[in-house]
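Coordinate analysis (summary)
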Amino acid sequence: MDAADEAQDREFHGDYEIWGGDIDPAAVELARHNAALAEVEDLYRPYRPKRRTRATMAREKGLTPLAEALWKQDGRDPATLAQNYANPSLGVDTIDDALAGASDILAEEISDDAAIRKELRQRMARRAVLASRAANPEQDSVYRLYYDFSCPVAKLQGHQILALNRGEKEGFLKLSVDLPGAEGSALVCRHALRPGKTVSSFVKAAAEDAYARLIAPAAERELRNDLTSRAAEGAMGNFSLNLKPLLLQPPVKGAVTMGLDPGYRNGCKVAVVDGTGK
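Residues numbered from 1 in each chain as written. Predicted model: local features only at pLDDT ≥ 70, side-chain atom pairs only at ≥ 80, totals over all residues. Heavy atoms only, no water.

Evaluation of the coordinates by the stated rule reveals 17 salt bridges. Where Arg213 meets Asp104, a salt bridge forms, and the shortest distance between an N and an O atom there is 3.7 Å. Of this pair, Arg213 sits in helix α11 (residues 201-248) while Asp104 sits in helix α7 (residues 95-111); the two residues are 109 residues apart in sequence, bridging distant segments of the chain. Exposure remark for Arg213: the relative accessible area of 28% places this residue in the partly exposed category. The buried category is assigned to Asp104, whose relative accessible area is 11%. Each member of the salt-bridge network shares a partner with another, and the members are Glu119, Arg123, Arg127, Glu183 and Arg190. (Salt bridge = Lys/Arg side-chain N within 4 Å of Asp/Glu carboxyl O. Helix = DSSP H or I, 4+ residues; strand = E, 2+ residues; numbered from the N terminus. Buried < 20%, exposed > 50% of the residue type's maximum accessible area, 1.4 Å probe, protein only.)

This is the structure in structure tokens:
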């Protein structure tokens, strides 16, 4: 590694001191090769300080070893494994409470998997569908065209995205983004379930919970933010294309033109162009 690489590594480590924990070498390599910020954030998700979650509370109750045992998917009965973890003094009154806490831990661990998030992000960009429904079908508005609307996100036009966002903000529309059928849940389960192992219904349920409760809402927000950013950039590009010929058009021949900028705060500005364009 040369001096430039070492300096870049030091800068990268310093920028991510807020995460706590060790810096993953894979993240350093991604950053050096200008990987997408989302991929680096996915790698650091497990180290990011989190608010108090259901999984956090389950870990505080000593249920991490139970979650690890269930994650092995070795065919042992979950209820049998959970027998020794019922402890009313810690708030784990029954075996079901212990299993629920272990499921929360597994769901959070699955949701923090960078590979799952990356594949899901790519899948949603290709195949996700945005659906729009009326908040009140009886109420007329300029958004009636979108009262019963759905379109693959890959085919959405910029003006449609901006109009849908306005309709949602004004309370006329309710929007949702998801993959067709159960593709998203199936993708997460495929990563979570161990090949060659007996299918664990407990881990499968935890994976489905991770997708529905933790992964899908975050993926939808991320995708919609990306769509909005691209639509806004496109709108500004069109505006600049339309504005440029207006600004560059020649003055009216033989006429004097005056432009006034009514600046109430910093004073008015006046520009005058004579009949020769000077």
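Picking up after the structure, the text goes on.
Before going further, it helps to examine the packing of helix α10 (residues 183-192) against α11. The N-to-C vectors of α10 and α11 enclose an angle of 130 degrees; their axes lie 9 Å apart at closest approach. Classified by the angle their axes make, α10 and α11 are oblique. Here α10 and α11 pass one another in a crossing that is right-handed. Along its contact with α10, which presents Gly184, Ser185, Val188, Cys189 and Ala192, the element α11 presents Val203, Lys204, Ala207, Glu208, Tyr211 and Ile215. (Axes fitted to C-alpha atoms, helices over the stretch in contact; angles between N-to-C directions. Parallel < 35°, antiparallel > 145°, perpendicular 65-115°, else oblique. Left-handed = near helix turned anticlockwise from the far one by under 90°. Contact = heavy atoms within 4.5 Å.)

With that settled, consider helix α9 (residues 158-169). Taking 1.5 Å of rise per residue, 12 residues should cover 16 Å, and α9 covers 17 Å from first to last C-alpha, within 8% of that figure. Among the residues making up α9, those that are buried are Gln160, Ile161, Ala163, Leu164, Asn165 and Gly167. Buried-residue contacts for α9 involve β1 (129-134), β2 (148-152), β3 (173-178) and α11. Directly after α9, the chain includes Gly171, whose backbone phi takes a positive value near 90 degrees. (Expected span 1.5 Å × (residues − 1).)

Assignment of secondary structure puts Val272 in strand β5 (residues 269-273). Taking C-alpha positions, Val272 is 4.3 Å from Met258, a pair spaced 14 residues apart along the chain. Setting aside anything within four residues of it in sequence, one finds Val272 in contact with Val256, Thr257, Met258 and Lys278.

Read across the open sheet, the three strands follow the order β2-β1-β3; overall the sheet is antiparallel. Edge positions in the open sheet fall to β2 and β3, since each of these has one partner strand only. Sheet twist, expressed as the average angle between the axes of neighbouring strands with direction ignored, equals 15 degrees. Bridge count between β1 and β3: six bridges; the pairing is antiparallel. Its bridge partner being in β3, Arg133 is matched across the sheet by Lys174. Set on the sheet, α9 makes contact with β1, β2 and β3; between it and β3 the angle comes to about 125 degrees. (Pairing = 2+ DSSP bridges.)

Attention shifts here to the environment of Ser150. Within the secondary structure, Ser150 sits in strand β2. Taking C-alpha positions, Ser150 is 4.2 Å from Ala131, a pair spaced 19 residues apart along the chain. Contacts of Ser150, omitting those with residues within four sequence positions, involve Val129, Leu130 and Ala131.

Below, the discussion takes up α7. Its 17 residues place the ends of α7 24 Å apart at the C-alpha level, agreeing with the 24 Å of an ideal helix rising 1.5 Å per residue. The element α7 is largely enclosed, with a buried count of 12 among its 17 residues. Along α7, the residues classified as buried are Ala98, Leu99, Gly101, Ala102, Ser103, Asp104, Ile105, Leu106, Ala107, Glu108, Ile110 and Ser111. Packed against the buried residues of α7 are α4 (54-60), α5 (64-71), α6 (78-82), α8 (114-127), α10 and α11.

This paragraph deals with the packing of aromatic side chains. To describe a pair of aromatic rings, you give the distance between the ring centres and the angle between the ring planes. The final tally for this structure, using the stated rule, is two aromatic pairs. For the ring pair Tyr143 and Phe172, a centre distance of 5.8 Å and an interplane angle of 35 degrees mean the geometry is tilted. Placement of the pair is Tyr143 in the loop between β1 and β2 and Phe172 in the loop between α9 and β3, with a sequence separation of 29 residues. Note on accessibility: Tyr143 and Phe172 belong to one class, buried. Their ring planes at 85 degrees and their centres at 5.1 Å tell us that Tyr146 and Phe149 sit as a pair that is edge-to-face. Looking at Tyr146, the relative accessible area reads 8%, which means it is buried. (Phe/Tyr/Trp six-rings, centres within 6.5 Å; stacked < 30°, edge-to-face > 60°.)

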